[in-house]
Amino acid sequence: MAQVCARCHTEFRGAYAFGLYWCTVDRFFVCRRCWEERCGEGHGSGAKNLSFRGISALGFLVMVTVVAAPWAGMVAYDYSTLKEWNAAPIVPVGELRLGQIAKVAGVIVSNSSIVFGGREVDTDGGWVWSWDATGSFAVTDGAGTVFATMERWWEVGPGLHPAPNAVRTSGTVYMSGDRVYMIGNVASRADGTLVFFVRILSPSPADPAPPPILLAFIALLVGPLIPLWLWAGVWWHGRAVLHRRAVNGIPPVRILEGAYRDPSLSWRPNRKSISVRQRRYVTIVLVAIFAALVYLTTFLLNLHERSDEVAPILVISFGGLMLVVLPVLWVLYGGGLPAAVAFSERGFHLWYDNPYERQLNDDFIPWAQIAKIEFRDAGRYEKYWYLERTTGEGEDLDKLSAENLRALTAEWKRRTEHDLQGGQAAVDA
Ligand SMILES: [Zn+2]
Ligand SMILES: [Zn+2]
C-alpha cells in the first residue's frame, strides 16, 4: 500500500501509509509534518479533535479481523460439523465409496463384548470420563458390513451401557449388538477393502447437537465486524475520491533511501530503533508465522478429538496471535527514534536511520529557537521531558537516551547563560 501526502506529495509506503492524517478542512490526507506545519494542526479552528488518523484506525480493524478470524473459524467448524452430523442423510453401507464423507447407521458386530470405552482421569476440575484414543469394530446395516476405526474420532456421544471401570464418573461404553450412528471418511486398505474413519459416534443421530452458545459466540465475534467494515468502506471510499482529486496529475515524491548524515558533526549514539530493512524482514517473518498459525489451528482442529483438544488449540492459537500482534504493533509504531544526535554551534541535530522518519521529523533545532527544556508532570503516567520552541511548537524528549538528554540540557544551559553574560557585559559597557 502506498499513499501520497496531498501537501508535500511525499509517497509513504507500507506501515507509514497508515500514518497519514485526514484534514477535515482541506479534505485530503496529509503527513504528520504537513499536518503540524502547514495545516497548523487543524487550521487554528480547534479542529484538531475532528481529524484523526483514520487510516491507522483502518489498519487496526484489519488486525482485529485477522485476530478474530481463526476463532470464528474454529467455532464455525464446530458448529457446521455438528449441524452436518444432525442433518446428513444415512448412506447404506453397501453404497459407501472411497473418499466419501458419509453418515452410516447400523449394529456393532464384534467378538469382544466392549468395543469402545475409556477411563477415568483426574483433572483440575475433578474426575472426567476420557474416551480411548482408538478402537475398532465392524458395523452392519443388514445389506452390508464395513470395518470402522476410532483412531481419528472427533466427538463421541454417551454409550448405552455404564462402563464397568467407571467409579467416580458416569462413564459409558459401546458394546457388540449396539445400534449406532456414525459420520466419517471412507478410506481403503492396501488390499482394497474399505475402512471407515469415524469422526462422530453416537447411539442417536440427534446427539451431540450444536449448542446455541456456539452460534451466539460467532454472532458476537463476527457481528460487530460486519457493520464496522461497511462503515470503513464508506469512510474510506468517500475520502479516497476527494484525496485522489487533490493529488491527481502531481508526480509523487519518492523517499530518499540512501542519505548520509553530516560527517563533519560528532554524532552521539542514541536509543536503538528498528530500521526499514529490519522492519521489512520482521513483517515478512510475522506474516509467515501468522499464516503457519492459522494453518496449524485448522490442522489440529481437523485431526483431533473435539472435547479434549479444543482448549489447548485455543491456547496455542491465542498465545501465538499475541506473539504476532505485539511485534506487529512494535513494527508499526516503534520505529521513530533518532539513531544519533549531535551538537554544533548552530544547534541540535537529530539523525533518523529510517528515511520516513527523516521526512516526518525535524532533524535540526537551532539553539535560538529553544525557549525551554523542562520536566512535565501531568499525572501518574504522564511524566516526560519536553522541549518548547519560541514558535510555540513542542517536542517530546522521551526519544532521547538519558545521557543525551542530560547533554542537551547542559549544552543549552551553557549557551543561554553564556548569552546572558554576554548581554550583561554589553549593558555594563
Ligand atoms: Zn506532507
Ligand atoms: Zn489542512
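Residues numbered from 1 in each chain as written. Chains lettered and ligands numbered in written order. Predicted model: local features only at pLDDT ≥ 70, side-chain atom pairs only at ≥ 80, totals over all residues. Heavy atoms only, no water.

**So, the coordination of the zinc ion (ligand 1)**
Alright, step 1. Those donors, Cys5 (SG), Cys8 (SG), Cys31 (SG) and Cys34 (SG), are the protein atoms that reach the zinc ion (ligand 1), and they lie 2.2 to 2.3 Å from it.
Alright, step 2. Geometry at the zinc ion (ligand 1) is tetrahedral, judged from its four donor atoms and the angles of 104 to 115° they form at the metal.
Alright, step 3. Here the donor residues of the zinc ion (ligand 1) are spaced in sequence according to C-x2-C-x22-C-x2-C. Taken together, the residues Cys5 in the loop between β1 (2-4) and β2 (11-13) and Cys31 in the loop between β4 (28-30) and α1 (32-37) connect sequence positions 26 residues apart.
Alright, step 4. Taking relative accessible area as the criterion, Cys5 reaches 0% and is therefore assigned buried.
Alright, step 5. Residue Cys31 is classed as buried on the basis of its relative accessible area of 0%. (Donors = N, O, S within 2.8 Å, 3.2 Å for Na, K, Ca; no water. Tetrahedral: all angles 85-135°; square planar, octahedral: opposite > 155°, others 65-115°. Helix = DSSP H or I, 4+ residues; strand = E, 2+ residues; numbered from the N terminus. Buried < 20%, exposed > 50% of the residue type's maximum accessible area, 1.4 Å probe, protein only.)

**A few points about a nonpolar patch on the surface**
Alright, step 1. Taken together, Tyr295, Leu296, Phe299 and Ile316 make up a surface patch of nonpolar side chains, about 400 Å² in accessible area.
Alright, step 2. Here the nonpolar patch takes three residues from helix α6 (residues 276-303), the largest share from any one element.
Alright, step 3. Counting through the fold element by element, Leu296 comes out in helix α6.
Alright, step 4. For Leu296, a relative accessible area of 34% corresponds to the partly exposed category. (Patch = residues over 30% accessible without salt bridge, like charges linked within 9 Å, V, L, I, M, F, W, Y side chains within 5 Å. Areas by Shrake-Rupley, 256 points an atom, 1.4 Å probe, with all protein chains shown as cover. Salt bridge = Lys/Arg side-chain N within 4 Å of Asp/Glu carboxyl O.)

**Let's talk about the sheet that holds strand β18 (residues 347-351)**
In a beta sheet, neighbouring strands pair by backbone hydrogen bonds and run either parallel or antiparallel.
Alright, step 1. With antiparallel pairing, four strands are arranged side by side in an open sheet as β16-β17-β18-β19. One side of each edge strand has no neighbouring strand; the edge strands of this open sheet are β16 (268-269) and β19 (364-366).
Alright, step 2. Across three bridges, β18 lies against β19 in antiparallel orientation. Following the sheet pairing, Phe348 is matched in β19 by Ile365. (Pairing = 2+ DSSP bridges.)

**What to know about the confidence of the model for the protein**
Alright, step 1. This prediction gives the protein a mean pLDDT of 83; 86% of its residues lie at or above 70.
Alright, step 2. pLDDT under 50 marks residues 47-51. Its contacts with residues more than four places away, or in other chains, come to nine contacts. (pLDDT = per-residue confidence, 0-100. Contact = heavy atoms within 4.5 Å.)

**Notes on the nonpolar core**
Buried together is how nonpolar side chains tend to be arranged in soluble globular proteins.
Alright, step 1. Leu96, Phe116, Phe137, Tyr174, Met182, Phe196 and Leu201 are the most contacted members of the largest nonpolar core, which has 27 residues in total.
Alright, step 2. Going through the elements one at a time, β5 (101-109), β6 (114-116), β8 (126-131), β9 (136-140), β10 (145-149), β13 (172-175), β14 (179-188) and β15 (194-202) are the ones with two or more residues in this core.
Alright, step 3. Judged by nonpolar contacts, the second largest core, of 22 residues, contains Tyr16, Tyr21, Phe28 and Phe29. (Core = buried A, V, L, I, M, F, W, Y, C linked by side-chain atoms within 4.5 Å.)

**A closer look at the side chain of Glu395**
Alright, step 1. Here Glu395 is to be found in strand β22 (residues 394-396).
Alright, step 2. What makes Glu395 buried here is its relative accessible area of 12%.
Alright, step 3. Polar side-chain contacts of Glu395 include one of 3.4 Å to the side chain of Arg389.
Alright, step 4. Every residue in contact with Glu395, bar those within four places of it in the chain, is listed here: Ile365, Trp385, Tyr386, Leu387 and Arg389. (Polar contact = N/O pair within 3.5 Å; in protein donor to acceptor, adjacent residues only side chain to side chain.)

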